[in-house]
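One letter stands for each residue in the lines below.
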Amino acid sequence: MAAATLVVSLLMSGLTFWAVNTIQQDARLNDTRFGTDLGLLLAANVAPIVAEGNLVDAAQFSMRFYNTTSSVKYIIYADQEGKIFFGIPYSVADLENSLTIDRSLELPKNDDSSLPKARQHTTPSGDVVDVFVPLVHEGKQIGTLAIGINPNPTVTVSSNLTRDVTIAVFISIWAMVILGAVFNAIIITRPIKELLSGVKNIAFGNFKQKIDLPFGGELGELIYSFNDMAQRLESYDEQNIEELTAQKAKLDTLVSTIADGAILLDKQLKLILVNSTARRLFGWESKEILIGEDVIEHLPIELKQELATPLQEMINGKILISHEEQDSSVEEFSISLNGNRSATVRVLLRQVLDQQKDDIKGIAMTVQDITREVELNEAKSNFISNVSHELRTPLFNIKSFIETLCEYNDDLTEVERKEFLQTANHETDRLTRLVNDVLDLSQLESSRTYHLNPLDLSQVIEQIARTHKLNAKDKKLDFVYSIEPNLPSVWGHYDLILQVLTNLVGNAIKFTPTSGRIVIHCYEVEEKQEKKARIEISDTGIGIETEDQIAIFDRFYRVENRVHTLEGTGLGLSIVKNIIDKHHSKINLVSEVGIGTTFWFDLAVYQEVKASLPQKIITI
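These figures come from a predicted structure and were not determined experimentally.

What counts and how
Residues numbered from 1 in each chain as written. Predicted model: local features only at pLDDT ≥ 70, side-chain atom pairs only at ≥ 80, totals over all residues. Heavy atoms only, no water. Helix = DSSP H or I, 4+ residues; strand = E, 2+ residues; numbered from the N terminus. Buried < 20%, exposed > 50% of the residue type's maximum accessible area, 1.4 Å probe, protein only. Contact = heavy atoms within 4.5 Å. Areas by Shrake-Rupley, 256 points an atom, 1.4 Å probe, with all protein chains shown as cover. Pairing = 2+ DSSP bridges. Patch = residues over 30% accessible without salt bridge, like charges linked within 9 Å, V, L, I, M, F, W, Y side chains within 5 Å. Salt bridge = Lys/Arg side-chain N within 4 Å of Asp/Glu carboxyl O. Phe/Tyr/Trp six-rings, centres within 6.5 Å; stacked < 30°, edge-to-face > 60°. Core = buried A, V, L, I, M, F, W, Y, C linked by side-chain atoms within 4.5 Å. Expected span 1.5 Å × (residues − 1). Arc of directions from axis to C-beta. Axes fitted to C-alpha atoms, helices over the stretch in contact; angles between N-to-C directions. Left-handed = near helix turned anticlockwise from the far one by under 90°. Nonpolar A, V, L, I, M, F, W, Y, C, P; charged D, E, K, R; others polar. Bend = angle between axes of the 7 residues up to and from the residue. pLDDT = per-residue confidence, 0-100. Parallel < 35°, antiparallel > 145°, perpendicular 65-115°, else oblique.

Colleague: What am I meant to see in the overall build of the protein here?
Modeller: Within the protein one finds 14 helices and 18 strands. Counting only residues that meet the buried cut, the protein has 35% of its 620 residues in that class. Residue pairs in contact within the protein that sit at least 24 positions apart in sequence constitute 61% of those at least 6 positions apart. In the structure as shown, the protein presents an accessible area of about 37200 Å², 55% of it carried by carbon and sulfur atoms.

Colleague: It is not clear to me how the pairing of strand S1 (residues 72–78) should be interpreted in this structure. Could you clarify?
Modeller: Most of S1 sits out of view: six of its seven residues are buried. The sheet contact formed by S1 and strand S5 (residues 140–149) spans six bridges and is antiparallel. For alanine 78, the partnering residue across the bridge sits in S5 and is threonine 144. Pairing of S1 with strand S2 (residues 84–88), which is carried by four bridges, proceeds in the antiparallel orientation. Bridging from a neighbouring strand, isoleucine 76 pairs with glycine 87 of S2. Here S1 hands over to S2 after five residues, with glycine 82 in that stretch at a positive phi of 95°.

Colleague: Please clarify how the environment of glycine 82 should be interpreted in this entry.
Modeller: Checked against the element boundaries, glycine 82 lands in the loop between S1 and S2. Judged by its relative accessible area of 0%, glycine 82 is buried. Sequence-wise, glycine 82 and glutamate 106 are 24 residues apart; in three dimensions their C-alpha atoms are separated by 6.4 Å.

Colleague: How do you make sense of a nonpolar patch on the surface when you look at a structure like this?
Modeller: Together, Val8, Leu11, Met12 and Leu15 line one region of the surface with nonpolar side chains, adding up to about 390 Å² of accessible area. As for its placement among the helices and strands, valine 8 is situated in helix H1 (residues 2–52).

Colleague: What am I meant to see in the packing of aromatic side chains here?
Modeller: What characterises a pair of aromatic rings is the spacing of the ring centres plus the angle enclosed by the ring planes. Tallied over the entire structure, the rule returns four aromatic pairs. Ring centres of phenylalanine 553 and phenylalanine 599 lie 6.2 Å apart, and the angle between their planes is 85°; on these two criteria the pair is classed as edge-to-face. Linking phenylalanine 553 in the loop between helix H13 (546–551) and helix H14 (572–582) with phenylalanine 599 in strand S17 (residues 596–604), this pair joins segments that are 46 residues apart in sequence. Across the pair, phenylalanine 599 and phenylalanine 553 agree in class, each one buried.

Colleague: Would you take a moment to explain the side chain of histidine 468 for this structure?
Modeller: Here histidine 468 shows up in helix H11 (residues 457–474). Sequence-distant contacts of histidine 468, defined by excluding residues within four places in its chain, comprise Phe479, Thr502, Val505, Gly506 and Ile509.

Colleague: Could you clarify how one ought to interpret the nonpolar core in this entry?
Modeller: Generally speaking, nonpolar side chains in soluble globular proteins are found buried as a group. In this structure, Leu457, Leu501, Leu504, Ile535 and Phe601 are the most contacted members of the largest nonpolar core, which totals 40 residues. When contributions to this core are tallied by element, the ones reaching two or more residues are H11, helix H12 (494–511), strand S14 (517–527), strand S15 (530–539), H14 and S17.

Colleague: Would you explain helix H2 (residues 55–67) in this entry?
Modeller: Each α-helix turn comprises 3.6 residues. Residues three or four places apart therefore point the same way. Between the first and last C-alpha of H2 there are 18 Å, a value that for 13 residues agrees with the 18 Å anticipated at 1.5 Å per step. Along H2, the residues classified as buried are Ala58, Ala59, Ser62, Phe65 and Tyr66. For H2, the angular spread of the buried residues around the axis is 130°, confining them to a single face. Turned more than 90 degrees from where H2 packs its buried face, Val56 and Asn67 sit exposed.

Colleague: What am I meant to see in the packing of H12 against H14 here?
Modeller: In a packed pair of helices, the relevant descriptors are the angle between the two axes and the axis-to-axis distance. Across the interface, H12 lies against H14 with an axial gap of 9 Å and an inter-helix angle of 145°. Between H12 and H14 the crossing geometry is left-handed. Along the contact surface, H12 presents Leu496, Gln499, Val500, Asn503, Leu504 and Asn507, while H14 presents Gly572, Leu573, Ile575, Val576, Ile579 and Ile580. A breakdown of the residues in the contact of H12 with H14 according to their chemical character gives eight nonpolar, four polar and no charged.

Colleague: Just checking my understanding: could you explain helix H7 (residues 301–316) for this structure?
Modeller: Relative to the 22 Å expected for 16 residues at 1.5 Å per residue, H7 spans 23 Å between its end C-alpha atoms, a close match to the ideal helical length. The sharpest bend along H7 reaches about 40° and sits at leucine 307, with the proline proline 310 one to four residues further on. For H7, the full list of buried residues reads Leu303, Leu307, Pro310, Leu311, Met314 and Ile315.

Colleague: Honestly, the confidence of the model for the protein in this entry has me stumped. Any pointers?
Modeller: Of the residues in the protein, 77% reach a pLDDT of 70 or more, and the chain-wide mean stands at 77. Element-level mean pLDDT values for the protein span from 42 in strand S18 (residues 616–619) up to 94 in S17. Below a pLDDT of 50 lies the segment residues 95–100, which in the model reaches two contacts outside its immediate sequence neighbourhood of four places, other chains included. Long-range and interchain partners of residues 609–620, a stretch whose pLDDT sits below 50, account for 39 contacts in this model, where long-range means more than four residues apart.

Colleague: Got a minute to help me understand the sheet that holds strand S12 (residues 478–483) in this structure?
Modeller: Hydrogen bonds between backbone groups are what pair the strands of a sheet, and the pairing can be parallel or antiparallel. Sheet architecture is open: five strands sit in the order S12-S14-S15-S17-S16, paired in mixed fashion. Edge positions in the sheet fall to S12 and strand S16 (588–592), since each of these pairs with one other strand and no more. Between one strand and the next, the sheet's axes are offset by a mean angle of 15°, whatever the strand orientation. Pairing of S12 with S14 involves six bridges; the strand directions are parallel. Directly across from tyrosine 481, in S14, lies its bridge partner isoleucine 520. Packed on one face of the sheet, H11 meets S12, S14, S15 and S17 and runs near 175° to S12.

Colleague: Hey, could you run me through unusual backbone geometry in this one?
Modeller: Residues other than glycine predominantly adopt negative phi, and peptide bonds predominantly adopt the trans conformation. Even without being glycine, serine 515 reaches a positive phi, approximately 70°. Relative to the elements of secondary structure, serine 515 occurs in the loop between H12 and S14. On the accessibility criterion, serine 515 (63% relative accessible area) is exposed. Phi at histidine 584 is positive, roughly 60°, even though this residue is not glycine. Structurally, histidine 584 is set in the loop between H14 and S16.

Colleague: What's the story with the packing of H11 against H12 in this structure? I'm lost.
Modeller: At a minimum axis separation of 10 Å, H11 and H12 run at an interaxial angle of 30°. Classed by the angle they form, the pair H11 and H12 counts as roughly parallel. Two packed elements cross with a definite hand, and for H11 against H12 that hand is right-handed. Facing Gln459, Val460, Ile461, Gln463, Ile464, His468, Asn471 and Ala472 of H11, the residues of H12 in contact are Tyr494, Ile497, Leu498, Leu501, Thr502, Val505, Gly506 and Ile509. Of the residues in the contact of H11 with H12, the class split is 10 nonpolar, six polar and no charged.

Colleague: Looking at this structure, I do not really get the pattern of salt bridges. What am I missing?
Modeller: A side chain of one charge can pair with a side chain of the opposite charge when the charged atoms of the two come close. All chains considered together, the criterion is met by seven salt bridges. Between lysine 399 and glutamate 403 there is a salt bridge whose closest N-O contact spans 2.0 Å. Residue lysine 399 and its partner glutamate 403 are both found in helix H9 (residues 371–408); the two are separated by four residues, about one turn of the helix. Overall, the relative accessible area of 35% leaves glutamate 403 in the partly exposed class.

As structure tokens, this is what we get:
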């Protein structure tokens, strides 16, 4: 605005001064013509008089001529050397009365002295046009006439007024520009700068920005609206921060407590988030794995080889938008990790997209420990194989002997027929035991309710002794039991405890070689000021390997899987563990290969103070 004002003012001033100068030049030309004409007229009339030396008449004639016009400023007569001998409004004679002064007239230089000459000079009253006309008489120059012509007063006044007005307007314009700039800087620029600074601060998240300027009108309303907006944004930001903090706390809690490992990577495969499960699975508990590090460098060697390429392909690959395509972006790996422990994990990779689903922001990695699942699948496969074999063998034997009886009954002796029937009966018992084991396990895993009552262990143990005494005798085993005198009753379920002892004693008989020994010992113990009854079943059998002792109570697990010599389903000890757990106790064992095995468990003693509560209820 200042530059435009300067250009316009300079242009208008230049045009004005050009017009004034043009008028002044025209005025000077007119003054020169007027002076020249006037000088030629006067010289023609005065030259004869001056030539005669009659200066009085010349003076009188010149005075009349001088008085007839106001445009003539002076009339001067000089000889050929330029010495002034008469002048109006002064003369040499007047000056000689007080002081003799020789005055000379500086004549203009010109080769042609017969022509009038003009020049200008500046006086305090303005520019004066000097016209020099030669005095010629009878062809001979006798002197020079100099006439001074005053400028046209109307033109002079008009041009001066125009010039003064132009200068005044120019000064006024610039005064207004300066005042406007000062006003703009004070009234407009300052609050605008404050608003600009406030907007930048808000853009950078500083919502506490406030503008405190005492302005009214529209600018004041703008400042008020800005402060109100900043206050609302600050309140909204605080609310969002609280909500985000709460959501982050929930998310962190959820991620840290989920059973699966969770890892979040950015586009450069740098670590953003990792939960404790993933650290445990990858053995990172003892390592300083920091957020922002390259996760590939810290993965176990087995995973690093398998995941490096898929991770890069997912980061550099196409964006999967649809639900079906998103599901297809999941990668699954089942890899055995041979670190501190052997584990099998399933890794699922999924792209993390932005809100518009047009840019990949990172990768979410889910790590699932499927070691137990693999072991159970393997155990179930073995169980199915064992059960199939166990079912097929007795069924085949039963079918074979019955078919033989049907076809060759008349040809068989009474002894042979009896032997075939006994064999079929024995195989039927095998099938019954197998089916019973499966049914028992199914019942234990159901929600069936059992009632615990005061139980006399001596009755259970004597029943077990009667049941297995013959089996032990057939195998030439020494089978004994001992019960501490005055052993108190315990909380238990008769049938379930009977099944536990049946399975443990049956295993002892099965895995103890001929001439071995089986002992059942029952006595009272006290742990943590609580009385309990302990039941031990010891044998001098083949023993159990240490590595088998860890998994021997798992379902479908059979020690004989390693030797393939003894029949069984692998469900007996799993049933035992399940029943003892439901009695709020624990089954324990000590075993050494070639020496024997001892199983024991404790049952809570029934106290007399509980007489008003004769039963406990357990859900199995």
